[in-house]
Amino acid sequence: MKTYPPSPFSIASEQVVQAQLDAYNARNLEAWLDTHSEDAEQFMLHMGSLAKGREAIRRRMEERFRDPHLHARLVHRTTMENIVVDHELVTRTFPDGLAVVEMICIYEVQAGKIIKASFAIGQARPLPSKP
């Protein structure tokens, strides 16, 4: 099957999503928010809105960014023009302790910013405690 090089639009969209992933892993909320448009919206895939607007997203994510264990590992990325789909393994602290959760993150990029993000989230799997 013949493959084609990514379009400049695909490359630019992927760069925005990579910048948000880098800021997420640095736990830099301001840099992470800067990758989102002012009227960005987050959704649970096929379920409805989680937050609308950068300030609502900030309030939703502030506590998570204080978690010293927060880290997303990119498993696979697919990009088509302004749509970027990431398969990630996210480590974070849950009420029952440290766990990893599998996620599919679908980003829509417009004018160099994430305008929509939809998430499918798997079950949290506890990480083994260190002796």
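Residues numbered from 1 in each chain as written. Predicted model: local features only at pLDDT ≥ 70, side-chain atom pairs only at ≥ 80, totals over all residues. Heavy atoms only, no water.

The terminal C-alpha atoms of helix 1 (residues 8–25), which comprises 18 residues, lie 26 Å apart, in line with the 26 Å expected from a rise of 1.5 Å per residue. All of the buried residues in helix 1 are Ser10, Ser13, Val16, Val17, Gln20, Leu21, Ala23 and Tyr24. In this fold, the buried residues of helix 1 make contact with helix 2 (29–34), helix 3 (54–65), strand 3 (71–80), strand 4 (83–94), strand 5 (97–110) and strand 6 (113–121). Of the residues flanking the end of helix 1, it is Arg27, one or two places downstream, whose phi is positive at about 55°. (Helix = DSSP H or I, 4+ residues; strand = E, 2+ residues; numbered from the N terminus. Expected span 1.5 Å × (residues − 1). Buried < 20%, exposed > 50% of the residue type's maximum accessible area, 1.4 Å probe, protein only. Contact = heavy atoms within 4.5 Å.)

Next up on the list: the nonpolar core. Counting 26 residues, the largest nonpolar core has Tyr24, Trp32, Ile57, Met61, Val90 and Tyr107 as its most contacted members. At the level of elements, helix 1, helix 2, helix 3, strand 4, strand 5 and strand 6 are the ones that each hand at least two residues to this core. Those residues in contact with Tyr24, other than ones at most four positions away along the chain, are Trp32, Met61, Arg64, Phe65, Leu70, His71, Ala72 and Val90. (Core = buried A, V, L, I, M, F, W, Y, C linked by side-chain atoms within 4.5 Å.)

Moving on: the pairing of strand 3. Looking at chain direction, strand 3 and strand 4 are connected through 9 bridges and run antiparallel. Pairing of Thr79 across the sheet is with Val84, part of strand 4. Following strand 3, the chain reverses through 2 residues before pairing antiparallel with strand 4; Glu81 in that reversal takes a positive phi of roughly 55°. (Pairing = 2+ DSSP bridges.)

Once that is clear, we can look at unusual backbone geometry. Non-glycine residue His46 carries a positive phi angle of around 65°. With respect to the helices and strands, His46 occurs in the loop between strand 1 (36–44) and strand 2 (48–52). A positive phi is found at Ala111, a non-glycine position, where the angle reads about 55°. Here Ala111 lies in the loop between strand 5 and strand 6. Using a relative accessible area of 84% as the deciding quantity, one classes Ala111 as exposed.

Turning our eyes to something else, we now look at the pattern of salt bridges. A full pass over the atoms with the stated rule returns 6 salt bridges. The partner of Arg58 in a salt bridge is Glu55, with the nearest N and O atoms 3.0 Å apart. Residue Arg58 and its partner Glu55 are both found in helix 3; the two are separated by 3 residues, about one turn of the helix. Its relative accessible area of 42% is what places Glu55 among the partly exposed residues. Salt bridges sharing common partners tie together Glu30, Glu55 and Arg58. (Salt bridge = Lys/Arg side-chain N within 4 Å of Asp/Glu carboxyl O.)

The next subject is helix 3. Residues Arg54, Ala56, Ile57, Arg58, Met61 and Phe65 constitute the buried set of helix 3. Structurally, helix 3 contributes buried residues whose contacts are with helix 1, helix 2, strand 1 and strand 2.

Our focus in this paragraph is the layout of surface pockets. Approximately 250 Å³ is the volume attributed to the largest pocket. Surrounding the largest pocket, 21 residues form its lining, Tyr24, Met61, Arg64, Met103 and Phe119 being those nearest its centre. Taken together, the elements giving at least two residues each to the lining of the largest pocket come down to helix 1, strand 1, helix 3, strand 4, strand 5 and strand 6. Partitioned by chemical class, the residues of the lining of the largest pocket number 14 nonpolar, 3 polar and 4 charged. (1 Å grid on protein atoms, 1.4 Å probe; cavity = no way out; pocket = protein on both sides within 12 Å on 5 of 7 lines; lining within 4 Å. Points joined across faces, edges and corners; volume = space filled by probe spheres on them. Nonpolar A, V, L, I, M, F, W, Y, C, P; charged D, E, K, R; others polar.)

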